[in-house]
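# Fold and contact review
One-letter residues, chain by chain:
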Amino acid sequence: MKSEETRNEKGSPRYIALVTIIAALGGLLFGYDTAVIAGAIGFLQSHFQLDPVMKGWAAASALLGCVVGVSFAGIFSDRLGRKTTLVLSGLLFLVSAVGTALPNEFSLFVLFRMLGGIGVGVASMASPMYIAEIAPAGVRGRMVSVNQFAIVTGILIIYFVNYFISLGGDEAWNVATGWRWMFASGAIPSGIFLILLIFVPESPRWLVEKGHNAKAKDILAKVGGVSYAESELRSIEASLAQEVESLGQLFKTGWRRVMFLGIALAILQQVTGINVFMYYAPEIFKKLGSGANTALLETIVVGVVNLSFTVVAIRTVDRLGRKPLMMIGSAGMFVSLIAMGLAAQFQVISLWVLLCILAYIACFALSVGPVTWVILSEIYPTRIRGRALSVATFFLWSANFVVSQTFPMMDENPALIAQFNHGFPFYVYAAFCVVLVLTVWKFFPETKGRSLEEIERFWDIPSSDSKG
Ligand code: BGC
């Protein structure tokens, strides 16, 4: 009894860490499920005899699911609760893992990929939202990076899994069966996620919204102690009273500028080409002369570099600031992409292209990858954050869909090959890096160390609008 009282007085950092890690598994599944295609796509192409448009569709169909998923994530998490929404996404991952492994028809495969994509779209909103709502304010920012870390960890794990599965047989076995195991393997992390979700509580913020204040207070006391629970409950009530009602309002009021900038940043994170490497890396390596297994091994190196430099970003973002990291990172991506394009165009040795790809990944992971999400979670004031973030995430997934669908169409286009070999797409992504550097430099405030009120003042919103 005494120890129970002591715990309630102080709260439990271990409890909040555990709950955050479980919720971040949604981010891990997001990485796992979107990047599984990298190992499978070549075998899928041979198995189903896909042309470049259909090959793009095999990769991008899941992303269309993400666009759908993120559109409904807000409604689900409002109506069903955050926890139930996470369970729903876990179930979608599970059904999709099994469903994509079995079909003999391409259309059925695409259907199950889309279903998994809906799960990813839902999780890409629900996991960070849940973490932000349950974590105390002092650690909220760091928690956003935990989510990005979970995404890149998921990507690296599936690269390893793909590689080891591909060793299970020869090319013919991989074309007939290997790719099925790659997708089916997703059932394991989905199952673990679903089981662990039993142990997390509902989001206190949602409980307050639904009038279950006593329950919310109990959970908050477990997180930060009794007095923390009381003050947090009051601030949740105050911020709920301030929320902007409709999406339309966001674009009509003085928020329009910050809305468009958030959307621009989300789109630019994608059109600078990252997921071409996340989803098609083994294909690129094969074109440069690697065998199927070696290409998957080289892809693991891509995943390791991605994860390592994400850690560097997490450690430096609060010291160096968002803008310098973003500008240095995207300038580095520009140089790497131009070098890559030239190497592909003039057919320079493949080691050079590999180095360019790794330099590009390092620059992305150091900056544009995590910092985009940090900026998006900071530039909107509390009263519009949830809705504004879902709009930006919707555009992020839509841009990802367009890039992933069009890469094989550009890369395998005979007219473009005649002029640029396989260099053309890289020049396109390089051009967008220039737009990204200029946009961040000209239009974004440095948000490092600033309070939300200071950031709000930067946007200079007329006070009638800022009240929503
Ligand atoms: C992006 C994802 C990408 C991942 C790669 C994230 O920030 O939003 O689209 O796959 O980084 O590390």
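Keep in mind it's a predicted model, so treat the numbers as computed, not measured.

Its 16 residues give helix α13 (residues 256-271) an end-to-end C-alpha distance of 22 Å, which sits within 8% of 22 Å, the value for a rise of 1.5 Å per residue. Of all the residues in α13, the buried ones are Val 258, Met 259, Leu 261, Gly 262, Ile 263, Leu 265, Ala 266, Leu 268, Gln 269, Gln 270 and Val 271. Taken from the residues just after α13, Gly 273 is the one with a positive phi, measuring 95°.

A separate point is the packing of helix α14 (residues 274-287) against helix α17 (residues 350-366). Two elements in contact, α14 and α17, have axes whose closest approach is 12 Å; the angle formed by their N-to-C orientations is 160°. Between α14 and α17, the crossing angle belongs to the class labelled roughly antiparallel. The handedness of the crossing between α14 and α17 is left-handed. Facing α14, whose interface residues are Ile 274, Phe 277, Met 278, Ile 284 and Phe 285, α17 presents Leu 354, Ile 357, Tyr 360, Ile 361 and Phe 364.

On to the packing of helix α4 (residues 82-101) against helix α8 (residues 187-197), then. Where α4 contacts α8, the axes come no closer than 8 Å and their chain directions differ by 155°. The angle between α4 and α8 places the two elements in the roughly antiparallel class. As α4 runs across α8, the sense of the crossing is left-handed. Between α4 and α8, the contacting residues are Lys 83, Leu 86, Val 87, Ser 89, Gly 90, Leu 91, Phe 93, Leu 94 and Ala 97 on the first element and Ala 187, Ser 190, Gly 191, Phe 193, Leu 194 and Leu 197 on the second. For the contact of α4 with α8, the residue count by class is 10 nonpolar, 4 polar and 1 charged.

This brings us to the domain arrangement of the protein. Domain parsing of the protein yields domain 1 (7-200) and domain 2 (247-468). For domain 1 and domain 2, the distance between their C-alpha centroids amounts to 20 Å. Listed by partner, the interface residues are 42 residues for domain 1 and 38 residues for domain 2. Of the roughly 3600 Å² buried where domain 1 meets domain 2, counting both sides, 75% is carbon and sulfur surface. Of all residues in domain 1, the largest losses of buried area upon contact with domain 2 belong to Gln 148, Tyr 159 and Tyr 163, amounting jointly to 16% of the total for that side. Where domain 1 meets domain 2, there are 2 salt bridges. The partner of Lys 55 in a salt bridge is Glu 283, with the nearest N and O atoms 3.4 Å apart. At the junction of domain 1 with domain 2, the criterion picks out 8 residue pairs in polar contact (both at pLDDT 80 or more).

About the cut-offs
- Residues numbered from 1 in each chain as written.
- Predicted model: local features only at pLDDT ≥ 70, side-chain atom pairs only at ≥ 80, totals over all residues.
- Heavy atoms only, no water.
- Helix = DSSP H or I, 4+ residues; strand = E, 2+ residues; numbered from the N terminus.
- Expected span 1.5 Å × (residues − 1).
- Buried < 20%, exposed > 50% of the residue type's maximum accessible area, 1.4 Å probe, protein only.
- Axes fitted to C-alpha atoms, helices over the stretch in contact; angles between N-to-C directions.
- Parallel < 35°, antiparallel > 145°, perpendicular 65-115°, else oblique.
- Left-handed = near helix turned anticlockwise from the far one by under 90°.
- Contact = heavy atoms within 4.5 Å.
- Nonpolar A, V, L, I, M, F, W, Y, C, P; charged D, E, K, R; others polar.
- Domains from an automatic or database assignment.
- Buried area = accessible area lost by both parts, 1.4 Å probe.
- Salt bridge = Lys/Arg side-chain N within 4 Å of Asp/Glu carboxyl O.
- Polar contact = N/O pair within 3.5 Å; in protein donor to acceptor, adjacent residues only side chain to side chain.

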